[in-house]
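Below, each chain spelled out in residue letters.
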Amino acid sequence: MKKELLAPAGDIEAGYAALYYGADAVYLGLQQFSARATAANFSEAALNEFVAFAHSLNRKVFVAINTLVQEHELPELLKTLDLCSKYHVDAVIIQDLGVARIVREQYPELEMHASTQMAVHNKEGALALQKMGFSRVVLARELHLSEIKEIAAIPDLETEAFIHGALCYSYSGLCLFSSFESGKSANRGKCLYPCRAAFDGEEGKKHYFSMKDMALQKEVLNMPVTSLKIEGRKKTALYVAAVTDYYRRILDGKGADAAREENIKQIFSRPWTDFHFKGKNKNVIDRNFVGHRGLLIGQAEQINKNKLIFKTKHKIARYDGIQIDVAGDEKPFGFSLQFLKANGKNSFEAKAGDLVEISLPPKAPQLAKGQNIYLASSSEVKGSYPYTKPKPGEYKRRDEVAVSVSVSPTAAVAGCGEKTVKINGVFDKANSPEKVASAVRSAFAKTGDTDFSLGKLEIDNPDGLFVPVSMLNELRRQLYSQISFADKHGSLPEIGNSRSSKQPQWVIKTDDLSCLSKIDLDEVAEIIWLLNSNSNAEDAKRLPKNKLRPALPAVCRHPDKFMPLIKSLTEQGYNKWEIGNYWGLSALPEKGIDLSFDSSLYTMNTQAIEQAKAIGVSKVSFALEDDLKNLKTLSETSPLPLTMVVYQDVPLFTSADCIRSNSCKDCTRGEKWISLERNGIRYQALSKDCQIMLFTDKPFCVAKEAKDIVADFYRVDFCYKKYTSEKASRIFAAVKNFEDVADCHKANLIRPNLL
C-alpha cells in the first residue's frame, strides 16, 4: 500500500515548499478554529489559490478545524466550513463533536478526519469514531507499533500517524495546563507551553516535561498506516521543505540521507527520539535545555580569552550560527560566527576534520572544556531548498458558467442563466463568419479575476454577421459584472428541546469508595466510581445499586484488562456508566446502558451536546476549562441534563512519559508522588502504572459561582489524591452549601473569556 506523506503548512509558502518536495497532501489552518492559532494560517484568497494549485498536481489539502468551539462562535464556524466546501478541500480535521455534527448534516461533501486532539489511543476509540462518520483517525503519538497495527487493521478506516516533529508531554486533547494557568487553552489553539519550563524537583531545577523531537526516520517504512504526518505548522518553509524532502526520499527507496538529516538539524531541531514506537522509552525528555539546538559539530578543546578552539565534525563558514551548551543555562549560548581560522590560517570556511579557532562575542558566558558546540544555522543550507511556485492569481477555483451569444442585424445579446445584456448596433455580413465565432469565444473566455470560467458557449449568428471585438469585450464585461456565486451558507442543524429544569442534585465521584463512609448518602443522587484495571467488582456491593455509576478512565492502553470487570458489573445490573474518552463507547454494551460523558469529552456548544444525545448519551459535563459566560448560555439551551464539577483535583495533563529517575527494569510501577515547584506554585506529579498526571497543590473549586449556574447535577470529586472519610465529609458539607474550600483556584471561571 502506498503511504501518503502529509506535510504541514503554516502559510502558503510552506505549502508550496511541501508540494515541491514531494508531499502527497498538505494540512493547514484558516484564520479561526485552528489548533495552531499563532501560526500565520491561510486567508480565503490563499486557500483558494493553494487548493487549486495542489489539485492541479493531483495532491490533497486538509483543513484543520480542530479546536473546541463555544456556543457564540457557531455562526463564524459556518463561515469557515463554507470556505472549505466552496474551495473543495479534501477533508477537515476535527476535535469538537459539534463541528462533526454540523459537517455531517450540512456539509456531507466534506470528509471528516478525527484529530489527534480526540486522543484516539486504542482500537475501541477508533471504532467509535468510525461509527460517527469519521473516515480517518489521527492516532495519539504515544502508541507502540503493535498498537498502531491493531488500529490500522480496522476495515474501511484510514489511519494517520505522526512521524516527525515537536511532541507534547501530554496526550493531545488531555492537557489543561496552559488553560488553567493563563486562560490560553491548548484545546483552542493558544497553548503557552508551560510544560517546557524548568521546575524545582527532587533532582534540582530541571525541565522535567520538555520533550525531544520525534524522528522516526527509516522506521516509517514499517508504519502500517494510511498517512505519515509531519508536525510543523509553526515552522518555516525551509524546515518544511527539508523534512518533506528527507522522508520523500525514504519512502521512494533512496534511504535516510545523512546529509539531509544534518540539514534538518541545522534548520530547527531539538534532540531526536523515536518516542515509544518500539515500546516504552524513557529517553524522550531533554531535562537540561529547551528549544532549537542544532547539529552537534564538536566539543570545546581550548578556551583562550575570547577564542574557542575545537575540531569540527562538519563544514562551517563565517556568518553561520553557532550554539554552545552552558551548564546552568536552560538555552544554549548562540552567536553569529564572525571570525574563523582553519588549521591556523584565516579562512572563510572550514571543512570537517579541521582544527578551528573562532572568536567569541564580548559578552560570552564562562565556557569550559568539553562543552558541546552546535551548528544552529547555515547560510549554505538556507540556499539548499529552492522551490518553484505559481504566479500570484495563476491558480484559482473557478465554477464554470454557460453563456449564450446571439447576433441580429440590430443587436448583440449575451446571456447567462437569468442574466442578459444587450448592445444595439448595425451589424453587416462578415467576410469570414468562422472568425467571428472564434472572436466571440476568445472574448468570453477572458474571465479575469472572477470566480468562474467559461464552460459551454452557444453562438446564434445565423446570418454570419460581423461584431467588432471592442463590442464583444464590452458585452462580456457587462454580463460578467452581473454574475456572482453565493457561498453555500450552511445552517446550524436543529437541536432537540432544551431540558426541563428540576431541583439540582448532588453527585460524588471517587476512586476510593472507603472515603464516603462519613457522608450521608441520602443527600447524594449518584456516586460515580472511577475504575482502574485492578478494581474489584465486589466493592460495588458497599453502595446502593441504584446510586452507583461506574466510570471508565480517559486513558486506557489495554482495554482488554477492563472487559472482565465491565462484564461482571453489567451482569450484576450496573447499567449506569460514565466514560472519559471515546473508547468507552465501544467497550460498553450497545444497548441497555445509561451513559454519561465526563468533562474530558468536551461539550462546549449545543451542537456537541446534541451529537452526544444522538449516540445515546443521557447527560454531559461542563468542560472544566470553560468560562462563566459560555456555561450560563449552555445551562439555558442544552438539550441534555448537565453536570457541573464544583470541586476536583484536576489533572493538568496526562502523559505516558515517565519522569522517575530509575530505569524501567528497576521500577515497581506503584504509586509515587513527586513534588515540583515553579514561580512559587507547588505541583505534585503522580506516577503510577507508567502514567504521569500533574496537579497543583490547590484544588479547583467553584462552589460560590455554581449557585448562579442552573445545572442538573453538581459534582464533587475525590479522585487521585488520598482523602480520609473525615476530609471528604468536611469538603462535601461546605461545597453542598455553595461555600468554597480554602486556598482553591477557579481556572477560567472568573476570567473575562477563554482564549
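Our subject in this report is the structure included herewith. Predicted model only: the values in this text are computed from it and were never measured.

### Looking at the overall build of the protein
Secondary structure summary: the protein contains 18 helices and 40 strands in total. Taking the principal axes of the C-alpha coordinates as reference, the protein spans close to 105 × 85 × 45 Å. Within the protein, buried positions represent 57% of all 755 residues. For the protein, contacts bridging at least 24 residues in sequence account for 70% of all contacts bridging at least 6. Accessible area of the protein: about 31,300 Å², with a carbon and sulfur share of 49%. Side chains of the protein carry 101 positive and 93 negative charges; the gap between the two charge centres is 4 Å.

### What about the packing of aromatic side chains?
A complete count under the given rule lists 30 aromatic pairs for this structure. Between the aromatic rings of F177 and Y683, the centroid separation amounts to 5.8 Å while the plane-to-plane angle is 70 degrees, which identifies the pairing as edge-to-face. Residue F177 is found in helix α7 (residues 177–182), and its partner Y683 is found in strand β37 (residues 681–688); the two are separated by 506 residues along the sequence. Neither F177 nor Y683 differs from the other in exposure class; each is buried. Between K235 and the ring centre of Y239, over which it is positioned, the NZ or CZ distance is 5.2 Å. The ring of W272 carries K265 above its face, with NZ or CZ at 4.7 Å from the centroid.

### A look at the sheet that holds strand β24 (residues 399–408)
The four strands lie next to each other as β26-β25-β24-β27, forming an open sheet whose pairing is mixed. Strand pairing shows two members of the sheet lacking a second neighbour, β26 (419–424) and β27 (452–460), which therefore form its edges. For this sheet, the mean inter-axis angle between neighbouring strands, taken without regard to orientation, is 20 degrees. Where β24 meets strand β25 (residues 411–416), five bridges bridge the pair, whose relative direction is antiparallel. What sits directly across from V407, in β25, is A412.

### A word on helix α6 (residues 145–152)
Structurally, the α-helix is built with 3.6 residues per turn, so residues lying three or four positions apart point the same way. Considered for burial, the residues of α6 that qualify are L145, E147, I148, I151 and A152. Taken down its axis, α6 places every buried residue within 160 degrees of arc, on the same side.

### Details of helix α8 (residues 237–251)
An ideal rise of 1.5 Å per residue puts 21 Å on 15 residues; α8 measures up with 21 Å between its terminal C-alpha atoms. In terms of burial, α8 is a largely internal element, 13 of the 15 residues being buried. Downstream of α8 by a residue or two, G253 has a phi angle that is positive, lying close to 85 degrees.

### Notes on unusual backbone geometry
Here A119, not a glycine, exhibits a phi torsion of approximately 55 degrees, which is positive. Mapped onto the secondary structure, A119 falls in the loop between β5 (112–114) and α5 (123–131). Residue class for A119 comes out buried when judged on its relative accessible area of 3%. A positive phi angle, close to 55 degrees, is found at F275, a residue other than glycine. With respect to the helices, strands and loops of the structure, F275 is situated in the loop between β12 (272–273) and β13 (295–299).

### Side note on the sheet that holds strand β22 (residues 355–359)
Here we have five strands laid out as an open sheet, ordered β14-β15-β22-β19-β20, and antiparallel in their pairing. Lying at the two open borders of the sheet, with one neighbouring strand each, are β14 (302–304) and β20 (345–346). Bridge count for strand β15 (residues 307–311) against β22 is five bridges, and the pairing is antiparallel. Bridge pairing in β22 places L308 opposite I358.

### A look at the pattern of salt bridges
For the structure on display, the rule yields 55 salt bridges. K131 is paired through a salt bridge with E590; the nearest N and O atoms lie 3.8 Å apart. With K131 in helix α5 and E590 in the loop between α14 (583–587) and β32 (594–597), this residue pair connects regions lying 459 residues apart in the sequence. The exposure classification of K131 matches that of E590, with both residues exposed. One salt bridge connects E202 with K672, and the closest N-O pair in it is separated by 3.6 Å. Of this pair, E202 sits in the loop between β8 (199–201) and β9 (204–206) while K672 is found in strand β36 (residues 672–678), placing the two residues 470 residues apart along the sequence.

### Comments concerning the environment of L6
Locating L6 in the fold gives a position in strand β1 (residues 4–9). Take L6: its relative accessible area is 0%, and that puts it in the buried class. Residues contacting L6, with those up to four places away along its chain left out, are A25, V26, Y27, F62, R136, E160, S227, L228, K229 and I230.

### A closer look at the layout of surface pockets
In this structure, the second largest pocket spans a volume of roughly 440 Å³. Around the second largest pocket, the lining comprises 21 residues; the ones closest to its centre are A166, Y193, R196, K235 and R270. Partitioned by chemical class, the residues of the lining of the second largest pocket number 10 nonpolar, two polar and nine charged.

### Quick word on the nonpolar core
Within the largest apolar cluster, 193 residues are counted, with the highest numbers of intra-cluster contacts made by F209, L552, M644, F718 and V735. The residues contacting F209, other than those within four sequence positions of it, are Y169, C195, F199, I285, F653, I659, L676 and L694. If you look at the next biggest cluster of nonpolar residues, it comprises 25 residues, including V401, C416, F427 and A443.

### As for empty space enclosed by the protein
As enumerated under the stated definition, the model contains seven cavities of 30 Å³ or more in all. Here the largest cavity defines a volume of roughly 460 Å³. Lining the largest cavity are 34 residues, with R36, Q117, R141, C168 and S172 sitting closest to its centre. When the residues that make up the lining of the largest cavity are grouped by side-chain class, the tally is 16 nonpolar, 11 polar and seven charged. Its volume calculated, the second largest cavity comes out at about 100 Å³. Along the walls of the second largest cavity sit 13 residues, with Q117, M118, Y582, S600 and Y602 positioned nearest its centre.

Definitions and cut-offs
- Residues numbered from 1 in each chain as written.
- Predicted model: local features only at pLDDT ≥ 70, side-chain atom pairs only at ≥ 80, totals over all residues.
- Heavy atoms only, no water.
- Helix = DSSP H or I, 4+ residues; strand = E, 2+ residues; numbered from the N terminus.
- Buried < 20%, exposed > 50% of the residue type's maximum accessible area, 1.4 Å probe, protein only.
- Contact = heavy atoms within 4.5 Å.
- Areas by Shrake-Rupley, 256 points an atom, 1.4 Å probe, with all protein chains shown as cover.
- Lys, Arg positive; Asp, Glu negative; His and termini not counted.
- Charge placed at Lys NZ, Arg CZ, Asp CG, Glu CD.
- Phe/Tyr/Trp six-rings, centres within 6.5 Å; stacked < 30°, edge-to-face > 60°.
- Lys NZ or Arg CZ within 6 Å of the ring centre and 35° of its normal.
- Pairing = 2+ DSSP bridges.
- Axes fitted to C-alpha atoms, helices over the stretch in contact; angles between N-to-C directions.
- Arc of directions from axis to C-beta.
- Expected span 1.5 Å × (residues − 1).
- Salt bridge = Lys/Arg side-chain N within 4 Å of Asp/Glu carboxyl O.
- 1 Å grid on protein atoms, 1.4 Å probe; cavity = no way out; pocket = protein on both sides within 12 Å on 5 of 7 lines; lining within 4 Å.
- Points joined across faces, edges and corners; volume = space filled by probe spheres on them.
- Nonpolar A, V, L, I, M, F, W, Y, C, P; charged D, E, K, R; others polar.
- Core = buried A, V, L, I, M, F, W, Y, C linked by side-chain atoms within 4.5 Å.

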